[in-house]
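Each chain is listed here by its residues.
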Amino acid sequence: MPGGRCGLPVAPPSVHAVSGMGDSLHALHSLDAMASRPSALTPFDPRARILATLTFIVAVVSFERYAVLALLPFAAFPLALCAAGGISLRSVARQVLVASPFAIMVGIFNPLLDTAPLLNLLGVPVSGGWVSFGSILLRFALTVSAVLGLVASTGLPTICAGLEQLGVPRVFTLQILLMQRYAVVLAGEASRMRMAHELRAGVTTLRLATYASLLGHLLLRSLDRAQRVHQAMQARGFDGQLQRLRCAAWQGRDSVLLAACIFGCGLARSINLPRELGHWLLGLFA
Amino acid sequence: MSAPAVQLCHVTYTYPDGQTALRDVSFQLEEGESVAVIGGNGAGKSTLLLHLNGFLTPQRGSVHVGGLQVARETMVPVRRAVGMVFQNPDDQLFMSTVRDDVAFGPTNMGLPPGEIEQRVHAALDTVGATHLQARPPHRLSGGEKRSVAIAGVLAMSPSILVLDEPSDGLDPAARRRLINLLRRFTHTRLIATHDLDLVLDVCSRVLVLRQGQVEADGSPEVVFNDVALLQRCQLEQPLGWQSRPPPPCQRG
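Residues numbered from 1 in each chain as written. Chains lettered and ligands numbered in written order. Predicted model: local features only at pLDDT ≥ 70, side-chain atom pairs only at ≥ 80, totals over all residues.

### Overview of the overall build of chain B
No. 1: Helix and strand content of chain B: eleven helices and ten strands.
No. 2: Taking 252 residues into account, the globule formula puts the C-alpha radius of gyration at 18 Å, and chain B, at 19 Å, falls close to it.
No. 3: Dimensions along the principal axes, computed over C-alpha positions, put chain B at roughly 65 × 40 × 40 Å.
No. 4: Counting across all 252 residues of chain B, residues that qualify as buried make up 46%.
No. 5: Residue pairs at least 24 apart in sequence account for 66% of intrachain contacts in chain B once pairs closer than 6 positions are excluded. (Helix = DSSP H or I, 4+ residues; strand = E, 2+ residues; numbered from the N terminus. Rg over C-alpha atoms; globule rule 2.2 N^0.38 Å. Buried ≥ 20, exposed ≤ 12 C-beta atoms within 10 Å, placed from the backbone. Contact = placed C-beta atoms within 7 Å.)

Right, here's the structure in full:
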């Protein structure tokens, strides 16, 4: 540790929380920015990608609550999406982890409420609560990684253009785009305030009174900043509607992509592929 | 005789908290003029600029742009004529890539895709940022962000450029590139700045604001030789000016 002016050790300012927030922000940005790179998915209409992802999500959430093994084949969808879109699996996994506390909160009480043994795993009885908790986490990881893959391969502006073409009212797509932009503004302000606090407080933890004050200032500063962003948009002709930057046309390959996805999801939904594979292997060696 | 590019007549503006930021401000800019607005902090520079685009409306007086009075009904043509570069480029850069951000204004103007592409390319080329077009704006350096912000405004082909502290936060090389860029422009330019050396390089006329009033309006030579005026307005002579020999009337 380097010495201070009076020979006393000087602790480096703790910036873990700040850098964590900054990292998450950069990861979100980088996912959106990945969409601007050409990839194998680029030629496909955004509507085909959206509908394929939607089909996948509906198939995954339609399983009964104890399904775990039957969900495993669905991992092929986000993996294929990332591979075709040239998306870093690590970036997607990091974002899934960032959002995972929400899924944990949803399912954490299942093991306490559902204690009846459901299966025997290598001689250890496993309750239904633990199985359903695992199922929730798996479904969460699959669906969130698919959506992140869609964002990273398509980009939010293009997704919103596709949603509009699918009939989603423009007011909703505009809200999505503005929310994303203002969230970045808000997170940036929060990150700077947190850093300013830590540099003078020397600790990463916030006292309740300080927390309240920071939140109040964050609100006021964000309002000011949002107003300046809005003025800058108005100065460039923004009239409450984001014009579509790229128009796509549905082609044969889009129908093929969507049909392949519906077929794959339907197959994995109707047949428990891992179990059938297990039975087949057992029959083979029996 | 054509109308002046910009004309302010007895403009007075008071913020809702009671602070009067502009008092009876009158001046006009002729087409192609490059004018600096200087003054201490809180002198009313940014407030003045926000009047040119109709973001603020004077309680007394009027603002005309190209003969059109700035009002709710004339906002669209006024904002097409006046391109505003904000002090902080982060407030201005909005879309996920540089290309999309520069295309934001032309797209809102309802131009056909071919012309949008042509304008985006031309604007990025003008500021030397063509190589940045696929980059996300938040990943750019301060100088690059400033260039892209200017390109976003240039793509709308405004006749008047309004710049708020354009050299703020730039390193010397980026600042010099910006000055060279501003010198090349033929637009009518109104530049609010504390960078008095930039004023010397770019502007042929200087408006000095103090407590919301126009304290002086003249050429850089006249304004920067008036040391008493500069002191009164919390300013000082530009460094590039201090090394010049004093005018004959001030020599021993």
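### Let's talk about the environment of Leu208(A)
No. 1: Mapped onto the fold, Leu208(A) is located in helix H9 (residues 208-235).
No. 2: Here the alpha-carbon distance between Leu208(A) and Val184(A), two residues 24 residues apart in the chain, equals 25 Å.

### Things to note about the packing of helix H2 (residues 46-61) of chain A against helix H7 (residues 156-165) of chain A
All names here are of chain A.
No. 1: Look at H2 against H7: their axes get within 8 Å of each other, and the N-to-C directions meet at 85°. Classified by the angle their axes make, H2 and H7 are roughly perpendicular. The segment H2 lies against H7, with Pro 46, Arg 47 and Ile 50 engaging Thr 158, Ile 159, Ala 161, Gly 162, Leu 163 and Gln 165.
No. 2: Among the residues making up the contact of H2 with H7, the classes are represented as five nonpolar, three polar and one charged. (Axes fitted to C-alpha atoms, helices over the stretch in contact; angles between N-to-C directions. Parallel < 35°, antiparallel > 145°, perpendicular 65-115°, else oblique. Nonpolar A, V, L, I, M, F, W, Y, C, P; charged D, E, K, R; others polar.)

### Notes on the confidence of the model for chain B
When pLDDT drops low, the exact placement of atoms in the prediction is not to be read closely.
No. 1: Mean pLDDT for chain B: 91, with 96% of residues reaching 70 or above.
No. 2: On the interface metric, ipTM, the complex scores 0.76, and its pTM is 0.71. (pLDDT = per-residue confidence, 0-100.)

### Re the interface of chain A and chain B
Note: interface size is frequently given as the accessible area lost on complex formation between the parts.
No. 1: With 20 residues of chain A in contact, the opposing surface of chain B contributes 22 residues.
No. 2: When residues of the side of chain A that touches chain B are traced back to their parent elements, those giving at least two are helix H1 (16-34) and H9 of chain A.
No. 3: Here the element with the most residues in the side of chain A that touches chain B is H9(A); it accounts for seven residues.
No. 4: Per-class residue counts for the side of chain A that touches chain B are eight nonpolar, six polar and six charged.

### What about the pairing of strand S8 (residues 188-192) of chain B?
Residues and elements named next belong to chain B.
No. 1: Among the five residues that make up S8, five are buried, leaving the element largely enclosed by the rest of the structure.
No. 2: Burial along S8 is two-sided: the face carrying Thr 188, Leu 190 and Ala 192 and the face carrying Arg 189 and Ile 191 are both buried.
No. 3: Note: strand S3 (residues 34-38) against S8, four bridges, orientation parallel. If you follow Ala 36 over to S8, its bridge partner there is Ile 191.
No. 4: Sheet topology note: the strand S7 (residues 160-164)/S8 ladder contains five bridges and is parallel. (Pairing = 2+ DSSP bridges.)

### Examining the sheet that holds strand S10 (residues 213-218) of chain B
Residue and element names in this part refer to chain B.
No. 1: Here six strands make up an open sheet; going across it, the order is S6-S7-S8-S3-S9-S10 and the pairing mixed. The open sheet is flanked by strand S6 (82-85) and S10, the only strands paired with a single partner. Sheet twist, expressed as the average angle between the axes of neighbouring strands with direction ignored, equals 15°.
No. 2: Bridge analysis of S6 against S7 gives four bridges, and the strand direction is parallel. Paired with Val 85 across the strands is Leu 163, a residue of S7.

### Regarding the environment of Asn108(B)
No. 1: Mapped onto the elements of the fold, Asn108(B) is located in helix H4 (residues 98-108).
No. 2: On a C-alpha basis, the gap between Asn108(B) and Met156(B) in space is 9.5 Å, while along the polypeptide they are 48 residues apart.

### Overview of the confidence of the model for chain A
All names here are of chain A.
No. 1: Across chain A, pLDDT averages 82, with 85% of residues at or above 70.
No. 2: Within chain A, H2 carries the highest mean pLDDT (95), whereas H1 carries the lowest (57).
No. 3: Within the model, the stretch residues 1-19 combines pLDDT values under 50 with 23 contacts to residues more than four positions away or in other chains.

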